Amino acid sequence: MDLKGTQTLEHLKEAYAREAQANIRYHFSARLADTLARPEVAQVLRAAADEERGHAFGFLDLLVEHGARVPEIVAAKLEDNLEASVEAELHEFTELYTRYAEVAIQEGFPEIARWFLELAKAGATHALWLQQCLDGLKS
Ligand SMILES: [Fe+2]
């Protein structure tokens, strides 16, 4: 059955985002536990983070298996994922993060602006790497 237009499609997308964010949050928290010299807490958090990553993969697998057309999140083919990723990286560094940096400066947050601009640079590099992978697959 086609997921298009269903609530289940929206739920899969949202749940994927939650699991992916939990993965990073647990790693962040594990780092805090490290600074507090609580290795047992850090270990639990890193184990939980690994599980969350597995959960996030599970949602991506379901989206792909059900033929969901969500190129901004995932696609079945490697080439399509690379292509969408190049596009996303380019968008981040040419538009989004440069604009976010400008707003941050206007609002008095130069250090936040610097981080956006730094990531914009990384986005350009990533776009190049991914494009080279894509070109390699096509040749
Ligand atoms: Fe989970």
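Keep in mind that what you see is a predicted model, and the values were worked out from it rather than measured.

Right, let's talk about the pattern of salt bridges for a bit. Going through the model one piece at a time under the given rule, you end up with seven salt bridges. A salt bridge links aspartate 34 to arginine 46, with the shortest nitrogen-to-oxygen separation between them at 2.7 Å. On the criterion of sequence distance, the pair formed by aspartate 34 in helix H1 (residues 7–35) and arginine 46 in helix H2 (residues 39–65) is long-range, its members being 12 residues apart. Notably, a salt bridge pairs aspartate 50 with arginine 53, separated by 3.6 Å at the nearest N-O pair. Here aspartate 50 and its partner arginine 53 are both found in helix H2, three residues apart, which amounts to about one turn of the helix.

With that out of the way, let us pick up the coordination of the iron ion. Glu19 (OE), Glu52 (OE) and His55 (ND1) make up the full set of protein donors to the iron ion, lying at 2.0 Å. Read in sequence order, the donor residues coordinating the iron ion give the pattern E-x32-E-x2-H. In this pair, glutamate 52 and histidine 55 both sit in helix H2, three residues apart, roughly one turn of the helix. The class for glutamate 52 is buried, based on a relative accessible area of 13%. A relative accessible area of 38% places histidine 55 in the partly exposed class.

Moving on to the domain arrangement of the protein chain. Entries for the protein chain in the domain assignment read domain 1 (7–65) and domain 2 (78–138). Here the C-alpha centre of domain 2 lies 23 Å away from the C-alpha centre of domain 1.

This part covers the side chain of glutamate 89. With respect to the helices, strands and loops of the structure, glutamate 89 is situated in helix H3 (residues 78–106). We note that glutamate 89 is buried and unpaired, the nearest opposite charge coming from lysine 121 at a distance of 14 Å. Not counting chain neighbours up to four residues away, the residues in contact with glutamate 89 comprise Gly123, His126, Ala127 and Leu130.

Moving on, we come to the nonpolar core. Core analysis: the biggest nonpolar cluster contains eight residues, these being Leu3, Leu9, Leu12, Leu60, Leu63, Ala68, Val70 and Val74. The set of elements that each furnish at least two residues to this core consists of H1 and H2. If sequence neighbours within four positions are ignored, valine 74 has contacts with Leu60, Leu63, Val64 and Asn81.

Before going further, it helps to spend a moment on the packing of H3 against helix H4 (residues 110–138). With their axes 8 Å apart at the nearest point, H3 and H4 run at an angle of 165° to one another. Accordingly, the angle class assigned to the pair H3 and H4 is roughly antiparallel. Both H3 and H4 take part in a crossing whose hand is left-handed. Taken together, the residues that form the contact of H3 with H4 break down as 22 nonpolar, five polar and four charged.

Procedures and definitions
- Residues numbered from 1 in each chain as written.
- Predicted model: local features only at pLDDT ≥ 70, side-chain atom pairs only at ≥ 80, totals over all residues.
- Heavy atoms only, no water.
- Salt bridge = Lys/Arg side-chain N within 4 Å of Asp/Glu carboxyl O.
- Helix = DSSP H or I, 4+ residues; strand = E, 2+ residues; numbered from the N terminus.
- Donors = N, O, S within 2.8 Å, 3.2 Å for Na, K, Ca; no water.
- Buried < 20%, exposed > 50% of the residue type's maximum accessible area, 1.4 Å probe, protein only.
- Domains from an automatic or database assignment.
- Lys, Arg positive; Asp, Glu negative; His and termini not counted.
- Contact = heavy atoms within 4.5 Å.
- Core = buried A, V, L, I, M, F, W, Y, C linked by side-chain atoms within 4.5 Å.
- Axes fitted to C-alpha atoms, helices over the stretch in contact; angles between N-to-C directions.
- Parallel < 35°, antiparallel > 145°, perpendicular 65-115°, else oblique.
- Left-handed = near helix turned anticlockwise from the far one by under 90°.
- Nonpolar A, V, L, I, M, F, W, Y, C, P; charged D, E, K, R; others polar.

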